[in-house]
Amino acid sequence: VTDSVEKEANELLKKTRGRKELFKYTLHWVTQWAQNSKIMGMDEVFVYMVENYYMKGDAYWLDDETLKKYIDRAQKVAPNVIGNLAPELNMTTAEGKPSKLSSVNAKYTLLIFWAPDCGHCQTEMPQIDSAYKAELKAKGVKIYAVKVGDEEQQWKDFIKKHNLNEWTHVHNPEHTSNYKADYDVYGTPSIYLLDERKIIRGKKLDHSNIGTVIEMLEKREAANKNGAK
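Note that the structure is predicted; figures quoted are calculated from it, not measured. (Residues numbered from 1 in each chain as written. Predicted model: local features only at pLDDT ≥ 70, side-chain atom pairs only at ≥ 80, totals over all residues. Heavy atoms only, no water.)

Visitor: An account of the packing of aromatic side chains is needed here, citing residue identities and associated values.
Guide: To describe a pair of aromatic rings, you give the distance between the ring centres and the angle between the ring planes. All chains considered together, the criterion is met by 9 aromatic pairs. Aromatic pair Phe113 and Tyr179: ring centres 5.7 Å apart, planes at 5°, arrangement stacked. Placement of Phe113 in strand E3 (residues 108-114) and of Tyr179 in helix H7 (residues 179-182) is noted, with a sequence separation of 66 residues between them. A single burial state applies to Phe113 and to Tyr179, both of which are buried. (Phe/Tyr/Trp six-rings, centres within 6.5 Å; stacked < 30°, edge-to-face > 60°. Helix = DSSP H or I, 4+ residues; strand = E, 2+ residues; numbered from the N terminus. Buried < 20%, exposed > 50% of the residue type's maximum accessible area, 1.4 Å probe, protein only.)

Visitor: Describe the pattern of salt bridges, and please don't skip the residues or the numbers.
Guide: Taken as a whole and assessed by the stated rule, the structure comprises 10 salt bridges. We note a salt bridge from Lys156 to Glu152, for which the minimum N-O separation is 3.2 Å. Of this pair, Lys156 and Glu152 are both found in helix H6 (residues 152-161), 4 residues apart, which corresponds to roughly one turn of the helix. Given a relative accessible area of 30%, Lys156 falls into the partly exposed group. Within this structure, Asp195, Arg197 and Arg201 form a network of salt bridges that share partners. (Salt bridge = Lys/Arg side-chain N within 4 Å of Asp/Glu carboxyl O.)

Visitor: Please set out the sheet that holds strand E6 (residues 190-195) residue by residue, giving values where relevant.
Guide: The strand order E2-E1-E5-E4-E3-E6-E7 describes an open sheet built from 7 strands, whose pairing is mixed. If you trace the sheet from one side to the other, it starts and ends with strand E2 (98-100) and strand E7 (200-203), each paired once. Direction aside, neighbouring strands of the sheet carry axes that sit 35° apart on average. One ladder, built from 3 bridges, connects strand E4 (residues 141-147) with strand E5 (residues 168-171); its direction is parallel. Across the sheet, residue Tyr144 finds its bridge partner in E5, namely Thr168. Here H6 sits on the sheet and contacts E3, E4 and E5; the angle it forms with E5, its principal contact strand, is near 175°. (Pairing = 2+ DSSP bridges. Axes fitted to C-alpha atoms, helices over the stretch in contact; angles between N-to-C directions. Contact = heavy atoms within 4.5 Å.)

Visitor: Give a description of the pairing of E3 that names residues and reports values.
Guide: With 7 of its 7 residues buried, E3 lies for the most part within the structure. By the alternation rule, side chains of E3 split into Tyr108, Leu110, Ile112 and Trp114 and Thr109, Leu111 and Phe113, which are all buried. As paired strands, E3 and E4 are joined by 7 bridges and run parallel to one another. Counted as the bridge partner of Phe113 is Val146 from E4. Across 6 bridges, the pairing between E3 and E6 is antiparallel. In the strand pairing of E6, Leu111 is matched with Tyr192.

Visitor: Describe the pairing of E7, with residues and values.
Guide: The sheet contact formed by E6 and E7 spans 3 bridges and is antiparallel. When the sheet's bridge partners are listed, Tyr192 is paired in E7 with Lys203. Here E6 folds back onto E7, and the loop between the two strands holds 4 residues, one of which, Lys198, carries a positive phi near 70°.

Visitor: Describe in detail the side chain of Lys147, supporting the description with residues and values.
Guide: Examined against the element boundaries, Lys147 turns out to sit in strand E4. At 2.4 Å, the side chain of Lys147 forms a polar contact with the backbone oxygen of Gly149. In this structure Lys147 touches Trp114, Pro116, Glu152, Trp155, Val170, His171 and Tyr179, once residues within four positions along its chain are discounted. (Polar contact = N/O pair within 3.5 Å; in protein donor to acceptor, adjacent residues only side chain to side chain.)

Visitor: So what about helix H5 (residues 119-136)? Which residues, and what values?
Guide: Look at H5: 24 Å from first C-alpha to last across 18 residues, which is about the 26 Å you get at 1.5 Å a residue. Restricting attention to buried positions, one finds in H5 the residues Cys121, Glu124, Met125, Ile128, Asp129, Ala131, Tyr132 and Leu136. Within H5, the buried residues cover an arc of 165° as seen down the axis, which keeps them to one side. (Expected span 1.5 Å × (residues − 1). Arc of directions from axis to C-beta.)

Encoded structure:
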């Protein structure tokens, strides 16, 4: 849990402040661990460490250029950490009609950034569709899929070939959207799970774990309701 990690990191760093090299090692280790963690949501800890230590002058050993890289990376991640409202997307459908992310009326929205010429996407998209039809649709999921890149005909051909006709397919032909920065789309596929209020509840997902994350969210919601009674 990110709050617990941040609390314990603060305690460790408080204890090591009087020992320069140990403080340096601890701050560097925790920050790198959070940045590279495979645990969903730990990028929030990375942002926290940069904002509360690096940006306040505690990473004394870094030169200005390296420090700027940490800050820039944290600023890219900060808008799309779990628990934040998903940034709005104003896109265009494959049929040429305007489509906003906020207009998707669903208990859960699976927001997918993908490219038709991406080998991983070519494998993952049909698997996501299979999971959608097998279990996710029944859980109230709708899919809002954003094409990354300019391969328009290949994109439409892929949708048709794999019968991805229950998804909302959109792109940004006029290049007016800042979605790559807002959602830190540096690779594809990049998959987010949003709740009915468009709060980010999961990220860096794939077809194998989307259902599990939804089950966890629903168990937590049920527990909170029971606790409130």
